[in-house]
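Take a look at the letters that make up each chain.
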Amino acid sequence: MSLVIKNLQRVVPIRRVPLRRKMDMVRGILGVKNFDLGIICVDNKSIQHINRIYRKKNVPTDVLSFPFHENLKAGDFPQPYSSDDYNLGDVFLGVEYIFQQCKENEDYYDILTVTATHGLCHLLGFTHNSEAEWQKVPAGARRGS
């Protein structure tokens, strides 16, 4: 199914092709390539606004996930009953925040991919409210938050 990448900011230049290529690979590895996924790139002001509304945290952040299937348990896959159910949800990437957090020797598109993968794992029911839950998150998706 489709992977939609929208760039709604102008602070950090984004080349969607490398991110699309890497996220298509991640979706294949995780076994969810048949599901739609939205990745929306936003600046600090926008991600802070969304974070304040949905998490009551008035600070910018790297990633926010909004799952279509809200009650998935970590490791389970959505069970689509209709074509509309082939949707994982949306991942908002705070690309300005991510860029500011990148270390000098890090590849920005690698970090974007790790962060988007982290968000995708949230869509698949993985959380990290405790250390035990954090350990269940696939290692390649663990960075920061």
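An account of the accompanying structure is given in this report. All of these numbers come straight from a predicted model, not from anything done at the bench.

Rules used in this analysis
Residues numbered from 1 in each chain as written. Predicted model: local features only at pLDDT ≥ 70, side-chain atom pairs only at ≥ 80, totals over all residues. Heavy atoms only, no water. Helix = DSSP H or I, 4+ residues; strand = E, 2+ residues; numbered from the N terminus. Buried < 20%, exposed > 50% of the residue type's maximum accessible area, 1.4 Å probe, protein only. Contact = heavy atoms within 4.5 Å. Areas by Shrake-Rupley, 256 points an atom, 1.4 Å probe, with all protein chains shown as cover. Phe/Tyr/Trp six-rings, centres within 6.5 Å; stacked < 30°, edge-to-face > 60°. Lys NZ or Arg CZ within 6 Å of the ring centre and 35° of its normal.

### Here we look at the overall build of the protein
Secondary structure assignment for the protein yields five helices and four strands. For the protein, the proportion of its 145 residues judged to be buried stands at 41%. Taking all contacts inside the protein whose residues are at least 6 apart in sequence as the whole, residues at least 24 apart take part in 68%. Only carbon and sulfur atoms are counted for the fraction: they give 51% of the accessible area of the protein, which is about 8,400 Å².

### What about the packing of aromatic side chains?
A full pass over the atoms with the stated rule returns five aromatic pairs. Their ring planes at 70° and their centres at 5.4 Å tell us that Tyr108 and Tyr109 sit as a pair that is edge-to-face. Of the residues examined, Tyr109 reaches a relative accessible area of 12% and is grouped as buried. Put simply, the rings of Tyr54, Phe66 and Phe92 pair up and form one aromatic cluster. The ring of Tyr109 has Arg15 lying over it, and the distance from NZ or CZ to the ring centre is 5.1 Å.

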